[in-house]
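If you want the building blocks of each chain, they are given just below.
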Amino acid sequence: MSNIEKLSILGSETIHVGYGIQEHIVETVITTKASSTYVIITDTNMGRTEPFRKLSEKFDSKLKELRPDSRLLQYQVSPGENNKSRETKAAVEDYLLQQGCTRDTVILAVGGGVIGDMIGFVAATFMRGVRYVQVPTTLLAMVDSSVGGKTAIDTPLGKNFVGAFYQPQYVFADVSFLKTLPTRQFINGMAEVVKTAAIWNEDEFTRLENFSKTFLDVVTRENPDIESIKEELVKTVLESIRVKAYVVSSDEKETGLRNLLNFGHTIGHAIEAVVTPEALHGECVSIGMILEAELSRYLGILSPVAVARLSKCLVAYGLPVSIDDKLFLKRVGNKRHYVQLDILLKKMSIDKKNDGSKIRSVLLESIGRCYQLKAHEISKRDLGVVLTDEVLVHPFKSADIKPTNVIIPPGSKSISNRALILASLGKGTVRIKNLLHSDDTKHMLDAVTALGGAEISTEDNGETIVVKGNGGKFVANTEPLYLGNAGTASRFLTSVATLVQSSSSSTSIVLTGNARMQERPIGSLVEALRNNGSEIEFLNKEGSLPLNVKTGNGLKGGRIELAATISSQYVSSILMCAPYAEKEVTLSLVGGKPISVLYIDMTIAMMKAFGIEVTKSTTEEHTYHIPKGTYKNPEEYVIESDASSATYPLAFAALTGTSCTVPNIGSSSLQGDARFAVDVLRPMGCTVEQTATSTTVTGPPVGQLKPLKHVDMEPMTDAFLTASVVAAVAHDGQTSTSITGIANQRVKECDRIAAMVSELAKFGVKANELPDGIEIHGIKIDELITPSIEKRGIKTFDDHRVAMSFSLLAGLAKEPVLIQERSCTGKTWPGWWDTLHSKFNITIDGYELPFDADDSSLLIDKHANGDKSIIVIGMRAAGKSTLSKWMATFLGFKFLDLDDVFEERVNTDIRSFIKEHGWAEFRKQEAAIAKEIFAKNSKGYVISTGGGIVEGEEARDILKDYIKSGGIVLHLHRDLDETVVFLSSDTTRPAYINEIKDVWIRREQWYHECSNYHFYSSHCGNELEFKHLRNSFISYLRTITGLQISPIPRNRSAVVTLTFDDLNNVAEQLEEIATGCEAVELRVDLLKKHAKTFVADQTATLRKYVNLPIIYTIRTESQGGKFPDHELESLEELLLLGIKLGVEYLDIQLNFPNSLIEKILERKAFTRLIISHHDNTEVLKWSNVDWKNKYNQAVSYGADLVKLVGTATSFQDNLDLEVFKSANTLKPLIAINRGEQGKLSRVLNTIYTPVTHDLIPKSATAAAGLLTVNQINKAFAEIGGFTNKKFWVVGSPIEHSRSPNLHNAGYQKLNLPYTFDRFESSNADEVYEKLIKGNKNFGGLSITMPLKLDIMKYADELSEAARLIGAVNTLIPSPTDSTKLFGDNTDWVGITNSFIRYGVPNIENSSVNGLVVGGGGTSRAAVFALHDMGCKKIYMINRTASKIHEIKNSFPKEYNIEILETVEEVEEAEAVSLVVSCVPADKPMDEALLNKLERLLYHGSTQQSGGFTPTLIEATYKPRLTPVMRIAQEKFQWSVIPGVEMLVNQGEKQFQLQTGSTPPYKVIHDAVVAE
Ligand SMILES: NC(=O)c1ccc[n+]([C@@H]2O[C@H](COP(=O)([O-])OP(=O)(O)OC[C@H]3O[C@@H](n4cnc5c(N)ncnc54)[C@H](O)[C@@H]3O)[C@@H](O)[C@H]2O)c1
Ligand SMILES: [Zn+2]
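Residues numbered from 1 in each chain as written. Chains lettered and ligands numbered in written order. Predicted model: local features only at pLDDT ≥ 70, side-chain atom pairs only at ≥ 80, totals over all residues. Heavy atoms only, no water.

A. Molecular detail of the overall build of the protein. Secondary structure summary: the protein contains 55 helices and 59 strands in total. For 1571 residues, the compact-globule estimate of 2.2 N^0.38 gives 36 Å, and the protein sits close to it at 37 Å. Taking the principal axes of its C-alpha atoms as reference, the protein extends roughly 105 × 100 × 80 Å. Scored against the burial criterion, the 1571 residues of the protein give a buried share of 58%. The contacts in the protein between residues at least 6 apart in sequence include a share of 75% that link residues at least 24 apart. The average position of the 170 basic charges and that of the 190 acidic charges among the side chains of the protein differ by 2 Å. (Helix = DSSP H or I, 4+ residues; strand = E, 2+ residues; numbered from the N terminus. Rg over C-alpha atoms; globule rule 2.2 N^0.38 Å. Buried < 20%, exposed > 50% of the residue type's maximum accessible area, 1.4 Å probe, protein only. Contact = heavy atoms within 4.5 Å. Lys, Arg positive; Asp, Glu negative; His and termini not counted. Charge placed at Lys NZ, Arg CZ, Asp CG, Glu CD.)

Below is the structure:
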């Protein structure tokens, strides 16, 4: 038997830890805990695992052997936190009672914390308490929940609200159970492990830091080999439990010490309460720990290094450390937006660990130690700062600020990097202080350690890095040195690599990095080293990492020439290694003036500090002699603070009239920004005292700073932002401050010059851009304006320097100033806000920008594709160029054709290139160019590729990498027969080697592998269909880029299930079939073929005929469908195809394997998920807890909608279902009963009720009890669901109004019990009195002249359209409060939808202009419509100009309305592509007006600037062809739309508003047109 460690808790040794100790468990329990009945309880996940089965078998046989009279019972519950409920507890208890369990029962709780907590609580109360044993099977349960005797269940109002302290008889932590634990659960458990070490044991924490890499490597593998790390794991569990057992033993009931275990939990729990179940406990605690550590730092208790260390460790274990962690966001989705300050504070106040409304938190003092062994009361103000990313900086109060301050900013990055290399090369031990921890230093430390060059350790809790150097001796190891994206490390280490000696196992070393690193240049350095005799090979791309460096050669030395015009880091790299060359080195920099000489000087000065003195050549320019020798490490090396960072505290002194000293930067500093105090602050009126190593600035009395006429800040460009905010209040009444020499600042984190100009303006400070600088017109401090908080204060552009600069100016304003994105200072000074608060005594508050959860545009920012380039692949003639250009126009991207780039590069056409060099060479070059272009143009491009790009393996990898990096590769395809026809007429391109179909067969799989989206163009028979293709493609594009996420309906809605085996056979009927529905379900499993192209073609057909969201369903046999259950691979492929096709909804089954569901979750992007379960046993009653479990499980998977289908065997089943529905409201639920007796459930279901249609043949597979929309509506009306609403059209004259025809036809078609009549009146009061007041059946009004304005006084609320148009044509009871009236205007929708139905493409981002003719009410709607469509400018013409001036003035400026009064103005106007004619057609048009219109029509058709046939819509609907239409069409070849279309389209919208149902378009159209 393996080793077993026993730990004692509360005085007895009941915790047993080991690996593979099942026999011990079984034997110990049976022998020491006598009982007549043993019950093993687990969850169904665990129940399926091999280790569990073994345990229960062993128990069974051992029991038979030792206690033949006792019995073993087993019970399994559904898994997951949602089941840690009263209901499940009751079910377990009922089971125990039914089995006749008594007081002597022993329960074994085998499982994770959910099982442990709940079964522990069952044991605590069953028969007033029975014995139980914990067998934890998750890491979290082993180290945390199983130890300590806290048991509980959750209630809807909070987690763990009901429970007991009840100790188990034993806790058996058998680490071998973790073999089957899912990776995410494993990682989740590590959060508690790290927590325990962080509060208690620094040594253990250090061990955990070292273990992280191995751990993550193993647990993230496809089949983790847990056995290989069992020793470390057992130790990990053991050490964690040891602490917990000790703490619990001294404070069982959590009154003091035990509180420490809640580190990270105060905030973590609050977050968890919001994002559960999507995020796990450990994940939230991990974020909570960092926030609580930041709180300690903010209060000046914990050092910034310690926070960084904790965060690094958690990240190394794969845990999130911020709510905005990418993976975390993906998991929690929109719930992110509910992680808001006030919500968190509320949750914290009701956390049971806090007494009353006081919030307590554990404060860390250092890693391994808490600040006073207890939890501390925390003010909401301090919490606020930590919990929000926005801050309010309050006015600086001179009384609060100490007159003198000493500040040590974080260490300089360049100096830190150099110091580490020098120390590692040196001999002896050096203690490095104030080191800036960055990616570069981390990778350097790792690499140096891996090569045995130095021993590295830390002191003072990580504040001091101790380097014990071996004097330049390094030995090769076999593992490649991975450097991430650390540029400096890669450059410095390349030279170091040449010094490495071979080992028995290796004669070379490899330096590599991430994808970005592999693009960064290192060519000239390698060339210089190669010329000096080193053997270095580029393993991948010429000129970049990865490199293979041959070891054992040493660095030859002598004269080395280096081109130093690209990077001074090359120079520093060779300089630092040069003392170890065989021959003394003379380094000569060739190729012109080296850049950044200052940095070269810095390296030389630092080499001197480590004992090597470089001399500059007196005879040769840019040439250095480096003596041979060994660096001697000084005892201590204090890294100079970063001089750019130092400008902020110094400027603080300047602005507040106080004094501030930075004690480690002075005149001897080689950092350019060290001159800021002397060159900028002194001439502005500050007193500056600078020694060689320190700088003190004392500001003049507040308000007396002087402007600097001109300062060239070229040597200290990063400090210009600080200078700018000082200059903002430097005022002498005449001079402005000009700063030049800072052109490079335009291409930093943001365009900093533009940023300063825009944000200074918010303080009322005028500034303007200069070609290479900025000019600032300083004002008096009391003239400063406080930037408006409503307008979101100061934007920082995620740029640390912008944020820090404005935090200074903010304190001078009269009111608190809001600064966005506070955490961006983390890049160089994470503790900046803490310094302001705890050192300068400035008051700051957290602030949260209001978030409107319904405003989807905000969501999109964070998650959508953004401006990432889109790559297009597909066969030749699949429409790549055309569709790519549409895409580019729509997204506002640039278009690039890879073939064009290729031809330009090789200077010949592709055909000749292939003739000369062959296909292989072509593919090779093509791949190389693709790689370069994708990387270089990674934002803002649509890149179309050559048809055969997928033929080359290299190119395929490049495409796949692009997908992995989060990009879109779109595969376009269309019918092959069409392609063939098209291609046979084209002779300019190289001929295929084989027939086109063969080519397709060869490539098809590759296209699928290399793309993550797929669009299939359906056949276009005419111009209009072609236009529609464009619209449907753009709508597809919106979906896959996340610009539009299909909203889930709130009202009654229906889905027609298409059970055809080929939609093309019924294409013409699809529109009719979908009538009255809000979505269509494509049953993929019922299609006659499952080939991808076939399925893609089916969706294309569906999209072409039906403009509704698609639900893509593959129903397996076990769930009543036709798809074979066991064909998991093709099931997965087909489901992923659905995502590729951009369907709005994917229906996945709850019984799909976990891994499949996870994969879909990961890939689904903007497709919504319906998670469904069909009960085929046909006996499951809705009152059974299993249904609830199913529902909860689906929710916790992240379903957007849950669909549950049962069977009714009695009418009562439908009533039970209603009860179930009202109790389960976390996510929208579609729930119905199959069977004849289940019809009622279909009538009562609200969202997306599945329906059929008379045109769909009743097949054997169709569920019994299916109804049509009409049947459902009829039944619903008859049982009182719909009431008999009455609608009217009002106005005068209305006897010819077509509205009643339109609406009544729709009601009839859909079986809605409504009526629509005419009510002639020109008096709004009469309308109100007679139709609305007190009328219970009032449904709504359609309003025409002359009442559109008069009726407005009765509308309690107005839509934006109604407000801007200034008229109401639709009046209905408010959807949110039926006692109020809501007024809308749908006239504009009539215009936009008509345009769209006539094929006008989306014009957003293009520069299409519109024209409105006329100046009446319709013109106002037309202006609104054209703006909504995206028109850049809206021109207006009319017979009399005064009316349209009035219209123009009533619309916002951004509408860009221009009035064309004179013929000259008309001639100069830009071409228009959309016209709305709103002048009466019954009399001839005014001559002058007509003349203007004709000119505009003429320009529109000759210039075709929109890329489509310009289109005119007529607002008058009689006669059908008006004179204006005739002129536009016949004389100028415009496309024209008769007014009746506008009438129908506005009516369609009106119908929807009034009834909440989708009207049958064709029916209402016919009703209006057929007279
Ligand atoms: N009592 C306490 O002091 C205490 C402390 C911390 C947490 N908790 C509670 O613990 C619960 C969380 O526990 P958890 O993280 O273990 O979650 P869990 O019990 O839900 O287990 C996680 C998942 O892993 C599965 N699983 C468990 N062991 C497995 C194995 N060996 N192989 C494969 N699958 C396995 C489970 O079925 C479940 O799906 C929460 O309810 C929390 O409140 C209690
Ligand atoms: Zn916990």
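B. The arrangement of the coordination of the zinc ion (ligand 2) in detail. On the protein side, the zinc ion (ligand 2) has E192 (OE), H265 (NE2) and H281 (NE2) as donor atoms, found 1.9 to 2.1 Å from it. Summarised as a motif, the one-chain spacing of the donors to the zinc ion (ligand 2) is E-x72-H-x15-H. With H265 in helix α10 (residues 265–275) and H281 in helix α11 (residues 281–298), this residue pair connects regions lying 16 residues apart in the sequence. With relative accessibility at 5%, the residue H265 sits in the buried group. In this structure H281 comes out as buried when scored by relative accessible area, which is 18%. (Donors = N, O, S within 2.8 Å, 3.2 Å for Na, K, Ca; no water.)

C. Focus on the sheet that holds strand β41 (residues 1079–1083). If you trace the eight strands from one edge of the open sheet to the other, you get β46-β45-β44-β43-β42-β41-β40-β47, paired in parallel fashion. The outermost strands of the open sheet, each flanked by one partner alone, are β46 (1229–1234) and β47 (1249–1251). Neighbouring strand axes in the sheet, compared pairwise and without regard to direction, differ in orientation by 25 degrees on average. In this sheet, β41 lies alongside strand β40 (residues 1054–1058) in parallel orientation, the contact comprising four bridges. Bridge pairing in β41 places V1056 opposite V1080. Of the strands in this sheet, β43 (1145–1149) and β44 (1168–1174) are in contact with helix α40 (residues 1154–1163), which crosses β43 at around 165 degrees. (Pairing = 2+ DSSP bridges. Axes fitted to C-alpha atoms, helices over the stretch in contact; angles between N-to-C directions.)

D. Local environment of the site of ligand 1. Near ligand 1 you find 25 residues, and of these D43, E81, K84, T138 and T180 are the closest. Here a nitrogen atom of ligand 1 and a side-chain polar atom of T137 are 2.7 Å apart. The contact in question runs from a nitrogen atom of ligand 1 to an N or O atom on the side chain of T180, over 2.7 Å. For ligand 1, whose unbound accessible area comes to 860 Å², protein coverage reaches 90%. Grouping the constituent residues of the shell around ligand 1 by class yields seven nonpolar, ten polar and eight charged. (Near = heavy atom within 4 Å. Polar contact = N/O pair within 3.5 Å; in protein donor to acceptor, adjacent residues only side chain to side chain. Areas by Shrake-Rupley, 256 points an atom, 1.4 Å probe, with all protein chains shown as cover. Nonpolar A, V, L, I, M, F, W, Y, C, P; charged D, E, K, R; others polar.)

E. Examining the nonpolar core more closely. In terms of nonpolar packing, the biggest core is built from 83 residues, with F59 and L310 touching the most fellow members. Residues V391, F396, V711 and L809 belong to the second largest nonpolar core, which totals 79 residues. (Core = buried A, V, L, I, M, F, W, Y, C linked by side-chain atoms within 4.5 Å.)

F. Geometry of the sheet that holds strand β39 (residues 1013–1017). Ordered by their spatial adjacency, five strands build an open sheet running β36-β37-β35-β38-β39, and the pairing between neighbours is parallel. Strands with a single pairing partner mark the edges of an open sheet, and in this sheet they are β36 (894–897) and β39. With direction set aside, neighbouring strand axes in the sheet form an average angle of 25 degrees. Bridging between β36 and strand β37 (residues 941–944) involves four bridges; their strand directions are parallel. Bridge pairing links D897 to S944 in β37. Against the sheet, helix α38 (residues 1092–1105) makes contact with β38 (968–974) and β39, and its axis sits at roughly 65 degrees relative to β39, the strand it touches most.

G. Region of interest: the packing of helix α8 (residues 202–219) against helix α9 (residues 230–250). Remark: α8 packs on α9, axes separated minimally by 11 Å, with the N-to-C direction vectors making an angle of 145 degrees. Relative to α9, α8 is oriented so that their crossing is left-handed. Counted together, E204, R207, L208, F211 and F215 of α8 and E232, L233, K235, T236 and E239 of α9 form the full contact between these two elements. Among the residues making up the contact of α8 with α9, the classes are represented as four nonpolar, one polar and five charged. (Left-handed = near helix turned anticlockwise from the far one by under 90°.)

H. The side chain of S944, seen in detail. In this structure, S944 sits in strand β37. Owing to a relative accessible area of 1%, S944 belongs among the buried residues under this scheme. With residues up to four places along the chain from it excluded, the contact list for S944 reads V872, K880, S884, F895, L896, D897 and L898.

I. Expanded view of the pairing of strand β22 (residues 583–590). Pairing geometry for strand β21 (residues 557–563) and β22, over seven bridges, is parallel. Residue pairing across strands places G558 opposite V585, the latter belonging to β22. Once you follow β21 into helix α20 (residues 568–577) and on to β22, the crossover reads as right-handed. In this sheet, strand β24 (residues 623–626) lies alongside β22 in antiparallel orientation, the contact comprising four bridges. If you follow L587 over to β24, its bridge partner there is Y624. (Right-handed = clockwise from strand over helix to strand, strands pointing away.)

J. Just helix α36 (residues 1023–1041), in detail. Over its 19 residues, α36 runs 27 Å from end to end, which matches the ideal 27 Å to within 8%, given 1.5 Å per residue. Within α36 the residues assigned to the buried category are K1027, L1029, R1030, N1031, F1033, I1034, Y1036, L1037, R1038, T1039, I1040 and T1041. G1042 sits one or two residues past α36 and shows a positive phi near 80 degrees. (Expected span 1.5 Å × (residues − 1).)

K. Expanded view of a negative patch on the surface. Negative charge collects at one region of the surface, where E1461, E1464, E1465 and E1468 lie side by side. With respect to the helices and strands, the residue E1468 is situated in helix α51 (residues 1463–1468). (Patch = residues over 30% accessible without salt bridge, like charges linked within 9 Å, V, L, I, M, F, W, Y side chains within 5 Å. Salt bridge = Lys/Arg side-chain N within 4 Å of Asp/Glu carboxyl O.)

L. Quick peek at the pattern of salt bridges. The final tally for this structure, using the stated rule, is 67 salt bridges. One salt bridge in this structure joins K64 and D60, with 3.0 Å as the shortest N-O distance. Taken together, the residues span about one helical turn, with K64 and D60 both in helix α3 (residues 50–66) at a distance of four residues. Using a relative accessible area of 30% as the deciding quantity, one classes D60 as partly exposed. A salt bridge links D144 to K244, with the nearest nitrogen and oxygen atoms 2.6 Å apart. Of this pair, D144 sits in helix α6 (residues 139–145) while K244 sits in helix α9, placing them 100 residues apart in sequence. On the accessibility criterion, K244 (7% relative accessible area) is buried. Shared partners join several salt bridges into a network, and the residues in it are E81, K84, D117, D154, K159 and E272.

M. A look at the pairing of β46. For β46, a buried count of six out of six residues is recorded, marking the element as mostly surrounded by other parts of the structure. The alternating pattern of β46 places L1229, A1231 and N1233 on one face and I1230, I1232 and R1234 on the opposite face, and all of these are buried. Taken together, the six bridges between strand β45 (residues 1201–1207) and β46 define a ladder with parallel strand orientation. Across the sheet, L1204 pairs through a bridge with A1231, a residue of β46.

N. Structural detail: the packing of aromatic side chains. One pass over the structure, following the stated rule, counts 39 aromatic pairs. Pairing W886 with F1033 gives two aromatic rings, centres 6.4 Å apart and planes at 50 degrees, and the pair type is tilted. In this pair, W886 sits in helix α29 (residues 880–891) while F1033 sits in helix α36, placing the two residues 147 residues apart along the sequence. Grouping aromatic residues by their ring pairs yields a cluster made of F1276, F1282, F1287, Y1307, Y1314, F1316 and F1551. A cation over a ring is seen here: K868 above Y962, with NZ or CZ 5.2 Å from the ring centre. (Phe/Tyr/Trp six-rings, centres within 6.5 Å; stacked < 30°, edge-to-face > 60°. Lys NZ or Arg CZ within 6 Å of the ring centre and 35° of its normal.)

O. Main features of the confidence of the model for the protein. Summary statistics for the protein give a mean pLDDT of 89 and a share of 97% for residues scoring 70 or more. The model gives residues 851–863 a pLDDT under 50, and that stretch makes 14 contacts with residues more than four places away or in other chains. (pLDDT = per-residue confidence, 0-100.)

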